[in-house]
Amino acid sequence: MTLDQELERAKEQLEAGGVVALPTETVYGLAASIRSEAGLQKIFAIKERPFFDPLIVHISDLEQKEQVIASWPPLADFLAKIFWPGPLTMVLPKNPSLNPLITSGLETVGLRMPAHPIARALIEKCGFPLAAPSANKFGKTSPTKAEHVRKGFEKDDLLVLDGGQSEVGLESTVVAVTREGATDVVTILRPGVVTRDILESALLDRAGDAFEVRVAASAASPGHTEHHYMPNVPLVIIEQEENTVRQKVRDLICQDFEFERAVRNAELRLDSNPRIAARSLYTRMRECSDSGASFIYVIRRSSQRGGVWDAIWDRLTRASSRTYPGK
Ligand code: TXA
Ligand code: MG
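Not measured: the values here are computed from a predicted model. (Residues numbered from 1 in each chain as written. Chains lettered and ligands numbered in written order. Predicted model: local features only at pLDDT ≥ 70, side-chain atom pairs only at ≥ 80, totals over all residues. Heavy atoms only, no water.)

Right, let's get into the overall build of the protein chain. When helices and strands are counted, the protein chain shows eleven helices and 13 strands. In the protein chain, once contacts between residues fewer than 6 apart in sequence are set aside, the share between residues at least 24 apart is 71%. Of the roughly 14,400 Å² of accessible surface on the protein chain, 50% is carried by carbon and sulfur atoms. (Helix = DSSP H or I, 4+ residues; strand = E, 2+ residues; numbered from the N terminus. Contact = heavy atoms within 4.5 Å. Areas by Shrake-Rupley, 256 points an atom, 1.4 Å probe, with all protein chains shown as cover.)

Pasting the structure below:
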């Protein structure tokens, strides 16, 4: 089947109240039409996702935003011009016509214009925006390849559009866009590759209103819960400062486990370049948990702070069962 035929099939399924998995540059999404109550219900059902966790709406051109939001502040317009299409989701006042399933009953909605050509082509073809969470069972590791989605939804008869490896590899940065008096406020609800520094330097170049970029307290984004992104076996973070890493690993293993067997393939290694580490993070997490290791460990080095590292460690912390020692 050609790509165009596949897109046509996807459109038909979406129009008929179905769901389709599509590639984006961040992670794969499980999409439904924002106009289809049945499709939206299906997202929650097959993901086993609780209704308190709102969905992100994806558009392919700026005109479509009118179907989703109630107002478009100058700050949103400014950020869209710089970061869209791309891995930034903006939380804005929702259009009253929007199905409350999408927003979990909130007055706001998360909106994003993805960069992946297949995601864009599908939305364009459909002519309606698509609500899409990451295409994984709730709380589990996000998919960055088509095969990850197929494996996660083996029992569901799901059309998966294959767009190769997701280039970014981490979910989009989610920001709330608000105004306090004469100050434009960007609040980071979920960190991503569009980092605080990048947002600040973009806003510094803008003449005009005062601005502030904040990082929200950890659970400010509903659904971005303490335990999330979890692999199938326990993940443990070991602080490098505890320089006897091998001993710590040994401590973690039950007595009756043979050491070498238990730790073989258990280390989740991160590339030293954070953009590359981000891209391969979820694939490596899956490889480790599928390798037969009884747990996974990842060593946190003191140099891995700031910028994209903060987003990587945000996900790893939520994916981990505990940090060793303590916690
Ligand atoms: O990169 C991404 O954002 C991917 C791709 C598929 O676009 N999508 C994704 O969706 O990560 P999901 O459902 O796994 O995460 C969406 C998160 C929600 O859990 C919530 O934290 C936040 O976005 N969110 C959505 N709407 C919101 C709202 N109105 N207020 C605050 N946070 C919201
Ligand atoms: Mg998700």
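Structure's up, so let's keep going.
Turning next to the environment of Pro50. In this structure, Pro50 sits in the loop between α2 (37-47) and β3 (56-58). With 88 residues separating them along the chain, Pro50 and Phe138 place their C-alpha atoms 7.9 Å apart. For Pro50, the residues in contact, after removing those within four places along its chain, are Phe44 and Phe138.

So, about the environment of Val215. Relative to the elements of secondary structure, Val215 occurs in strand β10 (residues 210-215). Val215 gets classed as exposed once you look at its relative accessible area, which sits at 52%. Counting along the chain gives 29 residues from Val215 to Val186, while the straight-line C-alpha distance between them is 8.4 Å. Not counting chain neighbours up to four residues away, the residues in contact with Val215 comprise Ile188 and Arg196. (Buried < 20%, exposed > 50% of the residue type's maximum accessible area, 1.4 Å probe, protein only.)

Okay, helix α3 (residues 74-83) next. Within the span of α3, buried status applies to Leu75, Ala76, Phe78, Leu79, Ala80 and Phe83. Against the buried residues of α3 lie β4 (88-93), β8 (173-180), β9 (183-190) and α7 (196-204).

Direction of pairing for β4 relative to β8: parallel, over a ladder of four bridges. When the sheet's bridge partners are listed, Thr89 is paired in β8 with Val174. In the sheet, β8 pairs with β9 via seven bridges, with the strands oriented antiparallel. When the bridges of β9 are listed, Glu180 appears paired with Thr183. Connecting the antiparallel pair β8 and β9 is a turn made up of two residues, with Gly181 showing a positive phi of about 60°. (Pairing = 2+ DSSP bridges.)

A few words on the packing of helix α10 (residues 274-290) against helix α11 (residues 308-319). α11 packs onto α10 with a crossing angle of 20° between their chain directions and a minimal axis gap of 9 Å. Here α10 is positioned roughly parallel relative to α11, judged by the angle of their axes. Crossing of α10 against α11: the hand is left-handed. Here α10 contributes Pro274, Arg275, Ala277, Ala278, Leu281, Tyr282 and Met285 to the contact with α11, which in turn contributes Val308, Trp309, Ile312, Arg315, Leu316 and Ala319. Classifying every residue of the contact of α10 with α11 gives eleven nonpolar, no polar and two charged. (Axes fitted to C-alpha atoms, helices over the stretch in contact; angles between N-to-C directions. Parallel < 35°, antiparallel > 145°, perpendicular 65-115°, else oblique. Left-handed = near helix turned anticlockwise from the far one by under 90°. Nonpolar A, V, L, I, M, F, W, Y, C, P; charged D, E, K, R; others polar.)

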